[in-house]
Amino acid sequence: ILSVRYRITLKPNQVATIDLIYGITETRDSCIALMHKYQDQHYKNRAVELAWTHSQVTLRQINATEADAQLYGRLAASVIYANPNLRADSALIQNNFRGQSWLWSHSISGDLPIVLLHIYDQESMELVKQLIQAHAYWRLKGLAVDLVIWNEDHGSYRQELQEQILGLITAEVNSNMIYNTPGNIYVKSVDQLSSEDRILFESVARVIIFDNKGTLSEQVNRHNIERVLP
């Protein structure tokens, strides 16, 4: 591995934006050739333009904005690197005595990271749509995740909520034409889960989102409080 060093100086409270261009090759000689190539300003500008174009095509494919992509990217960080702020309490995790094989009865292998979404209210369909969109964005980026949506409605509207969720999933899959890639979406009604299964799912989920704890952005960013450096 080699890199081109560029030194910057930041004054207190000053902000800098840095674009990083990564090149991967199989030999040392081709790696050096890439380094020399991207010292040329023309090639650097072209790389940034192509990256921006590819990003815009991806966002249009799932009908998302740049702000959506930034949010889904931050959420993906907690999927890849365990974030205790978005996981179940340690006490609940310690109460789980079931292993991966117990997920199989729910048609979930347990081989992929799990994101769990609790939905209590029909008014929260926008949050459902966001998580389904995030799931599509991750798949396009090569991040395989199983999204599990829990229909927590205990009233007479449970089936209606179930159908609305399934309708959103069908529309998203058909519009994005994402097939033959790992990562699925599962919708579970509360009456399908035992208390032991609930503990299992919440214990293994890398991220847990609730529809009664604020917007997706608020839940993802709630603990990302910037502290002033001394």
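The residue numbering used here restarts from 1 in each chain and proceeds along that chain's sequence as written. Only residues with pLDDT of at least 70 are given local features in this predicted model, and only at 80 or more are side-chain atom pairs given and counted; all residues enter the totals for whole chains, interfaces and linings. The basis for the side-chain values is all heavy atoms of the structure; hydrogens and waters are excluded.

## Some words on the sheet that holds strand β2 (residues 146–151)
Where strands meet in a sheet, backbone hydrogen bonds hold them as pairs that are either parallel or antiparallel. In short, DSSP must find at least two bridges between two strands for them to pair. Working definition: helices are DSSP H or I runs of at least four residues, strands are E runs of at least two. Numbering for both runs from the N terminus. Spatially, β3-β2-β1-β4 is the arrangement adopted by the four strands of the open sheet, whose pairing is parallel. Each edge of the open sheet is held by one strand with a lone partner, namely β3 (185–189) and β4 (207–210). Taken over all neighbouring pairs, the strand axes of this sheet differ in orientation by 20° on average, direction set aside. Note that strand β1 (residues 114–119) and β2 share six bridges and pair parallel. Bridging across to β2, isoleucine 119 finds its partner in asparagine 151. Contacts are residue-level and defined by heavy atoms, with any inter-residue pair within 4.5 Å sufficient. Lines fitted to the C-alpha atoms define the axes, with helices restricted to the stretch that makes contact. Angles between their N-to-C directions range from 0 to 180 degrees. Those strands touched by helix α7 (residues 195–204) are β1, β2 and β4, and its axis lies near 125° from that of β1.

## Considerations on the packing of aromatic side chains
Centres within 6.5 Å make a pair out of two Phe, Tyr or Trp rings, where for Trp the six-membered ring is used; the pair is then stacked when the planes are under 30 degrees apart, edge-to-face when over 60, and tilted otherwise. All told, the structure shown has three aromatic pairs when counted by the stated rule. Their ring planes at 55° and their centres at 6.2 Å tell us that tyrosine 72 and tyrosine 137 sit as a pair that is tilted. One end of the pair, tyrosine 72, is in helix α3 (residues 66–80); the other, tyrosine 137, is in helix α5 (residues 125–140), with 65 residues separating them in the sequence. The pair formed by tyrosine 72 and tyrosine 137 is uniform in burial state, with each residue classed as buried. Centre to centre, the rings of tryptophan 150 and phenylalanine 201 are 5.9 Å apart; their planes meet at 75°, and the pair counts as edge-to-face. Linking tryptophan 150 in strand β2 with phenylalanine 201 in helix α7, this pair joins segments that are 51 residues apart in sequence. For each residue, the accessible area found with a 1.4 Å probe, counting protein chains only, is set against the maximum for its type, and the residue is called buried under 20%, exposed over 50%, and partly exposed in between. Phenylalanine 201 gets classed as buried once you look at its relative accessible area, which sits at 1%. The ring of tryptophan 102 is capped by arginine 98, whose NZ or CZ atom sits 3.8 Å from the centre of that ring. Here, a charge over a ring means that NZ of Lys or CZ of Arg falls within 6 Å of the ring centre while also lying within 35 degrees of the ring normal.

## A closer look at the side chain of threonine 58
Structurally, threonine 58 can be placed in helix α2 (residues 41–61). Judged by its relative accessible area of 8%, threonine 58 is buried. Beyond its immediate sequence surroundings of up to four residues, threonine 58 is in contact with Tyr137 and Leu140.

## Considerations on the environment of valine 128
If you trace the backbone, valine 128 turns up in helix α5. Along the chain, valine 128 and glutamate 66 lie 62 residues apart, while their C-alpha atoms are 19 Å from each other. The contact partners of valine 128, leaving out residues within four places of it in the chain, are Leu117, Ile119, Ile149, Ile165 and Leu168.

## Here we look at the pattern of salt bridges
Every case where a carboxyl oxygen of Asp or Glu lies within 4 Å of a side-chain nitrogen of Lys or Arg is listed as a salt bridge. Under the definition given, this model contains three salt bridges. The partner of aspartate 197 in a salt bridge is arginine 98, and the shortest N-O contact between them spans 2.6 Å. Of this pair, aspartate 197 sits in helix α7 while arginine 98 sits in the loop between α4 (90–94) and β1, placing them 99 residues apart in sequence. Residue classification places arginine 98 among the partly exposed positions, given a relative accessible area of 23%.

## Comments concerning a nonpolar patch on the surface
Each patch groups residues whose relative accessible area exceeds 30% and which form no salt bridge, using 9 Å between like charges and 5 Å between nonpolar side chains of Val, Leu, Ile, Met, Phe, Trp and Tyr. For the accessible areas, the method is Shrake-Rupley and the probe is 1.4 Å, while residue cover comes only from the protein chains on display. On the surface, a cluster of nonpolar side chains totalling about 770 Å² of accessible area is made up of Tyr6, Ile8, Leu10, Ile18, Leu20 and Tyr22. Given the relative accessible area of 69%, tyrosine 22 is considered exposed.

## Some words on the packing of α3 against α5
Orientation of α3 relative to α5, taken along the N-to-C sense of each, is 75°, at an axis distance of 10 Å. Classified by the angle their axes make, α3 and α5 are roughly perpendicular. Contacts from Asp68, Ala69, Leu71, Tyr72, Leu75, Ala76 and Val79 of α3 reach α5 at Gln130, Leu131, Gln133, Ala134, Tyr137 and Trp138. Taken together, the residues of the contact of α3 with α5 sort by class into ten nonpolar, two polar and one charged. Oblique is the label for any angle not under 35 degrees, not over 145, and not in the 65 to 115 range, which are roughly parallel, roughly antiparallel and roughly perpendicular in turn. Only Asp, Glu, Lys and Arg are considered charged in this grouping, and only Ala, Val, Leu, Ile, Met, Phe, Trp, Tyr, Cys and Pro are considered nonpolar; every other residue, Gly among them, is considered polar.

## Let's talk about the nonpolar core
A general trend in soluble globular proteins is that nonpolar side chains are found buried together. Only buried residues count toward a nonpolar core, which is a set of Ala, Val, Leu, Ile, Met, Phe, Trp, Tyr and Cys residues joined through side-chain atoms within 4.5 Å. Judged by nonpolar contacts, the single largest core of 35 residues is most densely connected at Trp138, Ile149 and Leu216. Counting residues per element, the ones that place at least two in this core are α3, β1, α5, β2, α6 (158–176), β3, β4 and α8 (216–221). Broken down by element, this core gets its largest block of residues, nine residues, from α5. In contact with leucine 216, other than residues within four places in its own chain, are Leu71, Tyr72, Leu75, Leu127, Gln130, Leu131 and Ile209. Grouped together as the second largest cluster of nonpolar side chains are 14 residues, Ile114, Trp150, Leu193 and Phe210 included.

Bear in mind that shape data such as this cannot, by itself, settle questions of function.
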